[in-house]
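Per-entry structural report
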Amino acid sequence: MEPSSVGYAYAFFAFVLGILSIRSAFVVRRVAAWTAIAWWSTLAYCIAAIVPLLGGPRLPYHGEYVALVGLTVAFVIAGIKDEPQAEPWYLPTAPGPTRAEKRATKAP
């Protein structure tokens with residue numbers, strides 16, 4: 001079956017998201033372990049979603065759903081632990097402040 005233009009657009013979106021997730025994972029890898037795990041899981045999800053769209057085989061046990069659950073759990077844990085995120089979102093270069101750090105700078 002030939003992928004439609006929507007399939008190609010989704011594959012391009014997943015590709016760009018995969019590039020950003022690699023960059024974000026490398027930026028936060030030493031200061032935010034769960035955030036880095038979540039970004040690597042995002043990359044795994046992107047790969048698992050792109051391969052079938054471009055004519056490859058589906059991953060066993062619906063790998064895209066396993067990766068989606070993994071990235072969701074990792075991002076929730078990172079949020080609970082108040083780990084920093086990579087900033088800015090469009091080209092991550094440094095870990096940003098945590099919520100507690102942002103609150104501390106806003107306080108009079």
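Whatever comes next refers back to the structure up there.
These lines cover the structure that appears in this document, whether it is placed above or below. (Residues numbered from 1 in each chain as written. Predicted model: local features only at pLDDT ≥ 70, side-chain atom pairs only at ≥ 80, totals over all residues. Heavy atoms only, no water.)

A count of helices and strands for the protein chain gives 4 helices and 2 strands. When the helices and strands of the protein chain are read in sequence order from the N terminus, they spell out α-α-α-β-β-α. Counting only C-alpha atoms and orienting by the principal axes, one finds that the protein chain spans roughly 60 × 25 × 20 Å. Across the 108 residues of the protein chain, 32% fall into the buried class. Sequence separation of at least 24 residues holds for 56% of the intrachain contacts in the protein chain that already meet a minimum separation of 6. Of the roughly 7,200 Å² that the protein chain leaves accessible, carbon and sulfur atoms contribute 72%. One way to put it: in the protein chain the 9 positive side-chain charges average out to a point 6 Å from where the 6 negative ones average out. (Helix = DSSP H or I, 4+ residues; strand = E, 2+ residues; numbered from the N terminus. Buried < 20%, exposed > 50% of the residue type's maximum accessible area, 1.4 Å probe, protein only. Contact = heavy atoms within 4.5 Å. Areas by Shrake-Rupley, 256 points an atom, 1.4 Å probe, with all protein chains shown as cover. Lys, Arg positive; Asp, Glu negative; His and termini not counted. Charge placed at Lys NZ, Arg CZ, Asp CG, Glu CD.)

Checked against the element boundaries, Thr35 lands in helix α2 (residues 33–53). Thr35 has contacts with Val28, Ala78, Glu83, Pro84 and Gln85, leaving out every residue within four places of it along the chain.

In this section: a nonpolar patch on the surface. Taken together, the side chains of Phe12, Phe15, Val16 and Ile19 make up a nonpolar region of the molecular surface, amounting to roughly 410 Å² of accessible area. By the element assignment, Val16 lies in helix α1 (residues 5–28). Looking at Val16, the relative accessible area reads 34%, which means it is partly exposed. (Patch = residues over 30% accessible without salt bridge, like charges linked within 9 Å, V, L, I, M, F, W, Y side chains within 5 Å. Salt bridge = Lys/Arg side-chain N within 4 Å of Asp/Glu carboxyl O.)

It is worth stressing that arrangement in space is one thing and function is another; only the former is reported here.
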